[in-house]
Amino acid sequence: AWEAYLSYPIPARAPPLDPIHRQERVATKGRFGTQPTCENVFFLKEQQRQKLMFPEREKLAREEEERAKNKIDELHQNFLALAASCDINAKTSRKERQQSTLSKSE
């Protein structure tokens with residue numbers, strides 16, 4: 001069988017590809033053992049590209065974030081002022097607690 005196979009003539013080589021088809025091919029040379037790019041790397045690159053292409057969007061986003069931070073700070077200050085004015089959060093001494101319990105039982 002092997003000798004019969006060797007007795008056949010060598011087939012003709014395929015003609016070279018057209019330049020159009022060669023451009024469509026994916027380059028695979030030198031890619032053995034490399035890791036494909038992760039999805040998060042693509043996402044970060046796209047974010048950077050968007051920031052460079054559309055600086056007005058970035059400016060609006062920063063302004064909105066600054067407004068939100070100011071509002072949160074204001075809410076925190078209001079809460080702290082309310083907590084400071086409340087009797088519930090005020091610490092009472094032991095003597096005052098005893099007097100209040102005595103006055104209620106009378």
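(A) Highlighting the overall build of the chain. Of regular secondary structure, the chain possesses 5 helices and 0 strands. Counting helices and strands in the order they occur from the N terminus, the chain gives α-α-α-α-α. Within the chain, buried positions represent 1% of all 106 residues. For the chain, the exposed area adds up to about 11,400 Å²; of that, 58% sits on carbon and sulfur atoms.

(B) Looking closely at the confidence of the model for the chain. Chain-level pLDDT for the chain is 83 on average; 81% of the residues reach the 70-or-more range. Within the chain, helix 5 (residues 94–105) has the poorest average pLDDT of any element, 56, and helix 3 (residues 39–53) the best, 94.

(C) Molecular detail of a nonpolar patch on the surface. Residues Trp2, Tyr5, Leu6 and Tyr8 make up a contiguous nonpolar surface patch of roughly 580 Å² in combined accessible area. With respect to the helices, strands and loops of the structure, Tyr8 is situated in the loop between helix 1 (2–7) and helix 2 (19–24). On the basis of relative accessibility, which here comes to 60%, the residue Tyr8 falls in the exposed class.

(D) The arrangement of the packing of helix 3 against helix 4 (residues 55–85) in detail. Contact geometry of helix 3 with helix 4 gives a least axis separation of 5 Å together with a crossing angle of 100 degrees. Viewed along their axes, helix 3 and helix 4 adopt a mutual orientation that is roughly perpendicular. Contacts between helix 3 and helix 4 pair Gln50, Lys51, Leu52 and Met53 from the former with Pro55, Arg57 and Glu58 from the latter. Residue composition of the contact of helix 3 with helix 4, grouped by class: 3 nonpolar, 1 polar and 3 charged.

(E) Representation of the packing of aromatic side chains. By the definition in use, this model includes 1 aromatic pair. Here the guanidinium or amino end of Arg57 rests over the ring plane of Phe54, the centre of that ring lying 4.0 Å away.

Procedures and definitions
- Residues numbered from 1 in each chain as written.
- Predicted model: local features only at pLDDT ≥ 70, side-chain atom pairs only at ≥ 80, totals over all residues.
- Heavy atoms only, no water.
- Helix = DSSP H or I, 4+ residues; strand = E, 2+ residues; numbered from the N terminus.
- Buried < 20%, exposed > 50% of the residue type's maximum accessible area, 1.4 Å probe, protein only.
- Areas by Shrake-Rupley, 256 points an atom, 1.4 Å probe, with all protein chains shown as cover.
- pLDDT = per-residue confidence, 0-100.
- Patch = residues over 30% accessible without salt bridge, like charges linked within 9 Å, V, L, I, M, F, W, Y side chains within 5 Å.
- Salt bridge = Lys/Arg side-chain N within 4 Å of Asp/Glu carboxyl O.
- Axes fitted to C-alpha atoms, helices over the stretch in contact; angles between N-to-C directions.
- Parallel < 35°, antiparallel > 145°, perpendicular 65-115°, else oblique.
- Contact = heavy atoms within 4.5 Å.
- Nonpolar A, V, L, I, M, F, W, Y, C, P; charged D, E, K, R; others polar.
- Phe/Tyr/Trp six-rings, centres within 6.5 Å; stacked < 30°, edge-to-face > 60°.
- Lys NZ or Arg CZ within 6 Å of the ring centre and 35° of its normal.

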